[in-house]
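# Fold and geometry: a report
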Amino acid sequence: MFDYQAPPQALAKRTILVTGAGDGIGRAAAICFATLGATVILVGRSTEKLEAVYDDIVERNLPTPAIYPCDLSRSKEEDYSEMATILENEFGKLDGLLHNASILGERTPISQYEASTWDNVMQVNVNAAFMMTQALLPLLEASKDASIVFTSSGVGTQGKAYWGAYSVSKFATEGMAQILAAELENISSIRVNIINPGATRTNMRAKAYPGEDPVSNPTPEDIMPVYQYLMGPDSQGTTGQRFDAQALSGPF
Ligand code: NDP
């Protein structure tokens, strides 16, 4: 596992938005960031799941989070402008943006891939992250030290049979992160990096590998060290990099 432990309150006074915060890795990241003192903005499509995460954070006496229900498959440019306005009025700045929400789509050959599923996967995994990032950049610029993290996959750098739009969307995610990092490098303090979580015990993993024993994979909580590192001050100046959450050693 990536070798890092943030000091207590490493994320104090930071406001961090997490997409797909209702379940899986996003839920673990939101709770982890709150545990380190951050105010988290929980974005997801199921209000019920977001409320459960909200309650969990409040019950632990951590900074009160915010809930922002948003279906990334339907949201348009104007919805992200509205999101930026609301967040600006409420928080004034954004210190972290974790693009985590994704859908798997179908595991099927390209020759049989449904075009509507293809569109939906690209919408949620790529287009939504593009539109949200563009709308929130001014708020991220208002932070002295903001961090954007994109989530990729092993199939984001190596295509594999039957992974279809999901794999293509992760290649696109890698490209988007590299382009944005290069564009911001000399004109902004915003850093942009990529995490490849590796096999992790979530609903998405169970859907992709139905025959696998879930216990054979680490939990979302286990893979949090690299998320802590990239959202906190210790990663200042690190940009355009790709991190394996389950790499045997970190940068130290
Ligand atoms: P999950 O399916 O467990 O969680 C994904 C989250 O995204 C859920 O909260 C889900 O909401 C949300 N989401 C899905 N569609 C939308 C939408 N249209 N609008 C808003 N929110 C949406 O996945 P993981 O936690 O496993 O995956 C997290 C990230 O890690 C993804 O980017 C995935 O590609 C990546 N990853 C995961 C790996 C793994 O082994 N788990 C391996 C490599 C990469 P809801 O709960 O309502 O479905």
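Structure's up top.
Note that the coordinates shown come from a computational prediction; the quantities given were computed from them, not determined experimentally.

Moving on, we come to the overall build of the protein chain. A count of helices and strands for the protein chain gives seven helices and seven strands. When the helices and strands of the protein chain are read in sequence order from the N terminus, they spell out β-α-β-α-β-α-β-α-β-α-β-α-α-β. The C-alpha radius of gyration of the protein chain comes to 17 Å, within 12% of the 18 Å expected for a compact globule of 252 residues. Across the 252 residues in the protein chain, those meeting the buried criterion constitute 52%. Expressed as a percentage of contacts within the protein chain between residues at least 6 apart in sequence, the contacts between residues at least 24 apart total 73%. Of the roughly 11600 Å² that the protein chain leaves accessible, carbon and sulfur atoms contribute 51%. Charged side chains in the protein chain number 18 positive and 29 negative. The centres of these two groups are separated by 4 Å.

Further remarks concern the pattern of salt bridges. For the coordinates displayed, the defined rule picks out 10 salt bridges. Between Arg27 and Asp56 there is a salt bridge, with the nearest N and O atoms lying 2.9 Å from each other. Taken together, the positions of Arg27 in helix α1 (residues 24-35) and Asp56 in helix α2 (residues 47-59) put the pair 29 residues apart, joining distant regions of the chain. Taking the relative accessible area as the measure of exposure, Asp56 reaches 16% and is therefore buried.

In terms of nonpolar packing, the biggest core is built from 39 residues, with Leu17, Tyr80, Met83, Leu136 and Val192 touching the most fellow members. Those elements that provide at least two residues to this core are β2 (39-44), α3 (77-91), α4 (115-141), β5 (147-151), α5 (164-184) and β6 (191-196). Among the elements that take part in this core, α4 stands out by supplying 12 residues, more than any other. Sequence-distant contacts of Met83, defined by excluding residues within four places in its chain, comprise Leu17, Val43, Tyr68, Cys70, Met132 and Leu136. By size, the runner-up hydrophobic cluster in this structure holds 36 residues, among which are Tyr4, Ile25, Ile195 and Tyr229.

In this section: the packing of α4 against α5. Two quantities define a packed helix pair, namely the angle between the axes and the distance from one axis to the other. Two elements in contact, α4 and α5, have axes whose closest approach is 8 Å; the angle formed by their N-to-C orientations is 20 degrees. With respect to α5, the element α4 is oriented roughly parallel. As for how α4 packs across α5, the hand of that crossing is right-handed. In this structure, α4 contributes Trp118, Val121, Met122, Asn125, Val126, Ala129, Phe130, Thr133, Leu137 and Glu141 to the contact, and α5 contributes Gly164, Ala165, Tyr166, Val168, Ser169, Ala172, Thr173, Met176, Leu180 and Leu184.

Quick look at the environment of Asn203 now. Summarising the element assignment, Asn203 is placed in helix α6 (residues 203-208). Look at Asn203 and you get exposed, because its relative accessible area is 54%. As a C-alpha pair, Asn203 and Ala177 span 26 residues in sequence and 25 Å in three-dimensional space.

This next bit is on the sheet that holds strand β1 (residues 15-19). If you walk across this open sheet you meet the seven strands as β3-β2-β1-β4-β5-β6-β7, and the pairing is parallel. Both outer strands of the open sheet, β3 (66-69) and β7 (242-244), are each paired with one neighbouring strand and no more. Between one strand and the next, the sheet's axes are offset by a mean angle of 20 degrees, whatever the strand orientation. The pairing of β6 with β7 spans three bridges and is classified as parallel. Within the sheet, the bridge partner assigned to Ile195 lies in β7 and is Phe243. Contacts between α2 and the sheet are confined to β2 and β3, with β2 contributing the most and set at about 160 degrees to the helix.

The tally for this structure, following the rule as stated, stands at seven aromatic pairs. Here the aromatic rings of Trp163 and Tyr166 are separated by 5.7 Å at their centres, their planes lie at 45 degrees, and the arrangement is tilted. Accessibility expressed as a relative area gives 8% for Trp163, which makes it buried. The class for Tyr166 is buried, based on a relative accessible area of 8%. Their ring planes at 45 degrees and their centres at 6.1 Å tell us that Trp163 and Tyr209 sit as a pair that is tilted. With Trp163 in the loop between β5 and α5 and Tyr209 in the loop between α6 and α7 (224-231), the pair connects residues that are 46 residues apart, well separated along the chain. Looking at Tyr209, the relative accessible area reads 27%, which means it is partly exposed. Feature note: the residues Phe2, Tyr4, Tyr229 and Phe243 constitute an aromatic cluster, connected by ring pairs. For the cation-ring pair, Arg205 lies above Tyr209, with the distance from its terminal atom to the ring centre recorded as 3.7 Å.

Definitions and cut-offs
Residues numbered from 1 in each chain as written. Predicted model: local features only at pLDDT ≥ 70, side-chain atom pairs only at ≥ 80, totals over all residues. Heavy atoms only, no water. Helix = DSSP H or I, 4+ residues; strand = E, 2+ residues; numbered from the N terminus. Rg over C-alpha atoms; globule rule 2.2 N^0.38 Å. Buried < 20%, exposed > 50% of the residue type's maximum accessible area, 1.4 Å probe, protein only. Contact = heavy atoms within 4.5 Å. Areas by Shrake-Rupley, 256 points an atom, 1.4 Å probe, with all protein chains shown as cover. Lys, Arg positive; Asp, Glu negative; His and termini not counted. Charge placed at Lys NZ, Arg CZ, Asp CG, Glu CD. Salt bridge = Lys/Arg side-chain N within 4 Å of Asp/Glu carboxyl O. Core = buried A, V, L, I, M, F, W, Y, C linked by side-chain atoms within 4.5 Å. Axes fitted to C-alpha atoms, helices over the stretch in contact; angles between N-to-C directions. Parallel < 35°, antiparallel > 145°, perpendicular 65-115°, else oblique. Left-handed = near helix turned anticlockwise from the far one by under 90°. Pairing = 2+ DSSP bridges. Phe/Tyr/Trp six-rings, centres within 6.5 Å; stacked < 30°, edge-to-face > 60°. Lys NZ or Arg CZ within 6 Å of the ring centre and 35° of its normal.

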